[in-house]
Amino acid sequence: MDRASLEAYFVSLGEKPFRATQILQWIHQRGVANFDEMTNISKELRTRLAETTEIRCPEVVLEQASDDGTRKWLLRVDSGNCIEAVFIPEPGRGTLCVSSQVGCALDCSFCSTAQQGFNRNLSVAEIIGQVWVANRALGKTRLDPMGADRIITNVVMMGMGEPLLNFDNVVQAMNLMTEDFAYGLSKRRVTLSTAGVVPALDRLRDVSDVSLAVSLHAPNDALRNELVPINKKYPIQELLASCKRYLEGKPHRRITFEYVMLNGVNDSPQLARELVRLLADVPSKINLIPFNPFPNTRYTRSSDAAIDVFRDILVKAGFTTITRRTRGDDIDAACGQLAGKVLDRSKRKLHRIPISVVAQQQ
Ligand code: SAH
C-alpha cells in the first residue's frame with residue numbers, strides 16, 4: 001500500500017494515520033519485514049497487524065551479475081510465475097529496471113518478452129517488492145531517503161510488461177518510489193515507459209507526474225504498425241497529441257522517445273529525417289537502443305556506423321540524442337531480453353515457452 005491507502009487502513013482500524021509513515025519507514029527504508037522489529041509500534045498493534053496483514057517480498061530464485069556490474073534477479077511471485085528486475089550501475093547513478101506484468105500482451109515484434117504472451121498483472125507489492133529486494137541485495141537495508149549515499153538513484157518501469165495496462169498498481173507502486181517515507185526518489189528519477197496506450201496516458205497525467213518514455217521505434221504508422229502493433233489502435237498522431245498533453249503545465253520537461261535500432265528495418269537516414277519532422281514540436285529527447293537479439297528473432301542489430309549516421313542527423317536537427325549502451329547482455333539483462341532464456345539456464349532446449357510453465361517445471 002502507498003501512504004494514502006495505508007493511512008486509510010489505519011484509520012479503519014481506529015488508529016492514527018501517522019502509523020502509516022512509521023510502517024513505511026520500517027519496511028522500505030530499513031528493509032524490515034517482520035512486525036516484531038518495529039519497536040515504535042505498540043505490542044498490541046503489532047500483534048493485530050501480524051494477525052491481519054502480511055509483509056512478503058518476492059522470492060529470489062536466481063541472482064546474476066554481469067561482467068559490467070549489471071545485476072539481475074529472477075523473482076518468483078507465485079507458484080507459477082517469475083519476473084525479472086535489473087540493476088544498472090553507472091558513474092554517479094544506479095538505475096533499477098522494474099517489471100510491471102508477467103509477460104506482455106502487446107506483441108511488439110522485436111521484444112522477447114512478447115514471445116511469452118501475457119500472463120497476469122503484478123500487484124503493488126510485487127512491483128515495489130522488486131525495489132525492496134534490490135535495495136537489500138545491494139546492501140542498503142538502512143537507506144536514508146534523503147542521503148547522498150543511496151545506491152538506487154533511478155527507477156525505470158522498463159522491465160517486463162506494459163505499465164499503463166496495469167495502471168492502478170503501477171501508479172501506487174510509483175507513489176512509494178517517490179514517497180519521502182519510503183524510497184524518496186524525485187519524480188524526475190522515476191520513469192514510466194509505454195508503447196503508447198493513449199487513454200491510460202491521458203489518465204496518468206491526472207494522477208502522477210513521473211518522467212515519461214515512449215517506445216516510438218518508427219516515424220510513420222505503416223512501419224510502426226509492424227513493430228508496435230498497438231499503433232493500429234492508437235496511431236502516432238494520437239500518441240504525440242497525448243504526449244503533449246502530458247507535458248502541459250510541466251515546463252522544462254521533455255518526453256524521452258525510445259527508438260530500437262533494427263538493421264535495414266528502421267535505421268535509414270531517410271527515416272531519421274522523417275523522425276526529425278515528426279518530433280519538431282514535441283519537447284523531446286531521443287534514446288537510440290541498439291537491438292538486443294534473442295533466440296528465433298528475425299531482426300539483427302544496426303551497425304555502429306548506421307547508428308552514428310542516424311544519431312548525427314537527429315543531433316544536427318537539435319535533438320538531445322543518446323545511444324543507449326548495451327548493458328548486461330551476457331546475463332540476458334539487456335532491453336527486450338528479460339526472461340527470454342530462462343530455459344537455457346535450466347539446460348532445457350525449449351525456448352519461447354511461457355515463464356509460468358518454466359516455473360512449474362522447476
Ligand atoms: N512496454 C513498455 C515497457 C518496456 S520498456 C514499453 O514498450 O515502453 C523496454 C524498452 O526496450 C522499450 O522501449 C522496448 O521497445 C525496448 N525493447 C524491447 N525489445 C528490445 C530489444 N530486443 N532490443 C532493444 N530494445 C528492446
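Here the structure is a predicted model, which means the values were calculated and not measured. Every chain begins its residue count from 1, and numbering advances along the sequence as written. Residue-level local features of this predicted model are given only where pLDDT is at least 70; pairs of side-chain atoms are given and counted only at 80 or more, and the full residue set underlies all totals for whole chains, interfaces and linings. Remark: hydrogens and water are excluded; side-chain values derive from all non-hydrogen atoms of the structure.

A. A look at the sheet that holds strand S1 (residues 59-65). Pairs of strands are assigned from DSSP output, requiring at least two bridges between the strands. Helix and strand labels come from DSSP, where a helix needs a run of H or I of at least four residues and a strand needs a run of E of at least two; each type is numbered from the N terminus. Spatially, the 10 strands line up as an open sheet ordered S1-S2-S3-S4-S7-S8-S9-S10-S11-S12, and their pairing is mixed. The open sheet is flanked by S1 and strand S12 (320-323), the only strands paired with a single partner. Neighbour-to-neighbour, the strand axes of this sheet turn through a mean angle of 20°, independent of strand direction. Summarising the sheet, strand S10 (residues 255-261) and strand S11 (residues 284-290) pair through seven bridges and their orientation is parallel. Residue pairing for S11: Thr 256 is matched across the bridge by Lys 285. What makes two residues a contact is simply this: any of their non-hydrogen atoms within 4.5 Å. Axis definition: a line fitted to C-alpha atoms, over the contacting stretch in the case of helices. Angles run 0 to 180 degrees between N-to-C directions. In this fold helix H9 (residues 236-247) packs onto strand S9 (211-215) and S10, with an angle of close to 145° to the strand it touches most, S10. Against the sheet, helix H11 (residues 304-316) contacts S10, S11 and S12, and its axis sits at roughly 180° relative to S11.

B. Spotlight on the nonpolar core. Nonpolar core, defined: a set of buried Ala, Val, Leu, Ile, Met, Phe, Trp, Tyr and Cys residues in which side-chain atoms within 4.5 Å join the residues together. Buried means the residue's accessible area, taken with a 1.4 Å probe over protein chains only, is under 20% of the maximum for its type, while exposed means over 50%, and partly exposed covers the values in between. Counting 98 residues, the largest nonpolar core has Phe 110, Met 177, Leu 204 and Leu 279 as its most contacted members. For the domains described, the bounds stem from an automatic or database domain assignment. Structurally, this core is a two-domain feature, drawing no fewer than three residues from each of domain 1 (3-52) and domain 2 (59-361). Apart from residues no more than four positions distant in its own chain, Met 177 is found in contact with Ile 127, Ile 128, Val 131, Val 155, Met 157, Tyr 183, Gly 184, Leu 185 and Val 190. Residues Val 86, Ile 88, Val 156 and Ile 331 belong to the second largest nonpolar core, which totals six residues.

C. The arrangement of the packing of helix H5 (residues 124-137) against helix H6 (residues 167-178) in detail. One way to put it is that H5 packs onto H6 with a least axis distance of 8 Å and a crossing angle of 35°. Where H5 crosses over H6, the handedness of that crossing is right-handed. Two secondary-structure elements touch here, H5 through Val 124, Ile 127, Ile 128 and Val 131 and H6 through Asn 169, Val 170, Gln 172, Ala 173, Leu 176 and Met 177. Its residues placed into classes, the contact of H5 with H6 shows eight nonpolar, two polar and no charged. When the near helix sits turned anticlockwise from the far one by under a right angle, the crossing is termed left-handed; a clockwise turn instead gives a right-handed crossing. Residues are grouped as follows: nonpolar covers Ala, Val, Leu, Ile, Met, Phe, Trp, Tyr, Cys and Pro; charged covers Asp, Glu, Lys and Arg; every other residue, Gly included, is treated as polar.

D. Representation of empty space enclosed by the protein in the model. The definitions used throughout rest on a 1 Å grid laid over the protein atoms alone, on which a cavity is an enclosed set of points accommodating a 1.4 Å probe that cannot get out and a pocket is an open set flanked by protein within 12 Å on both sides along at least five of seven lines; lining residues are those having an atom within 4 Å of a point. Grid points are joined across faces, edges and corners, and a volume is the space filled by probe spheres set on the points. Throughout the structure, instances matching the rule amount to four cavities of 30 Å³ or more. Of the pockets and cavities examined, the largest cavity occupies roughly 520 Å³. As for the largest cavity, its lining consists of 31 residues, and the residues nearest its centre are Phe 110, Cys 111, Met 158, Gly 159 and Ser 215. Among the elements of the structure, helix H4 (112-115), strand S8 (190-194), S10 and S11 are those that each provide at least two residues to the lining of the largest cavity. Of the residues belonging to the lining of the largest cavity, the class tally is 18 nonpolar, nine polar and four charged.

E. Inspection of the packing of aromatic side chains at higher detail. The pairing test for Phe, Tyr and Trp rings, Trp by its six-membered ring, is centres within 6.5 Å, and the orientation test on the planes gives stacked under 30 degrees, edge-to-face over 60, and tilted for anything in between. Scanning all chains against the criterion turns up four aromatic pairs. An angle of 70° between the planes, with centres 6.0 Å apart, marks the rings of Tyr 9 and Phe 10 as edge-to-face. According to the relative accessible area criterion, Phe 10 is buried, its value standing at 2%. Between Phe 291 and Tyr 299 the ring centres are 6.1 Å apart and the planes differ by 75°, which places this aromatic pair in the edge-to-face class. Among the aromatic side chains, those forming a connected cluster through ring pairs are Phe 291, Phe 294 and Tyr 299. Note on criteria: charge over ring means Lys NZ or Arg CZ within 6 Å of the ring centre, with the direction from the centre no more than 35 degrees off the ring normal. The ring centre of Phe 167 lies 4.0 Å from the NZ or CZ of Arg 203, which sits over that ring. Between the NZ or CZ atom of Lys 250 and the centre of the ring of Tyr 246, over which it lies, the distance is 3.9 Å.

F. Structural detail: the layout of surface pockets. As a volume, the largest pocket reaches approximately 1,000 Å³. Mapped onto the lining of the largest pocket, the elements with two or more residues apiece are strand S3 (81-90), strand S4 (93-97), strand S7 (154-157), S9, H9, S11 and S12. Here the element with the most residues in the lining of the largest pocket is S11; it accounts for five residues. Roughly 670 Å³ of volume is contained in the second largest pocket. Lining the second largest pocket are 28 residues, with Met 1, Glu 54, Ile 55, Arg 56 and Ala 125 positioned closest to its centre. The set of elements that each furnish at least two residues to the lining of the second largest pocket consists of helix H1 (3-12), helix H2 (19-29), strand S2 (71-78) and H5.

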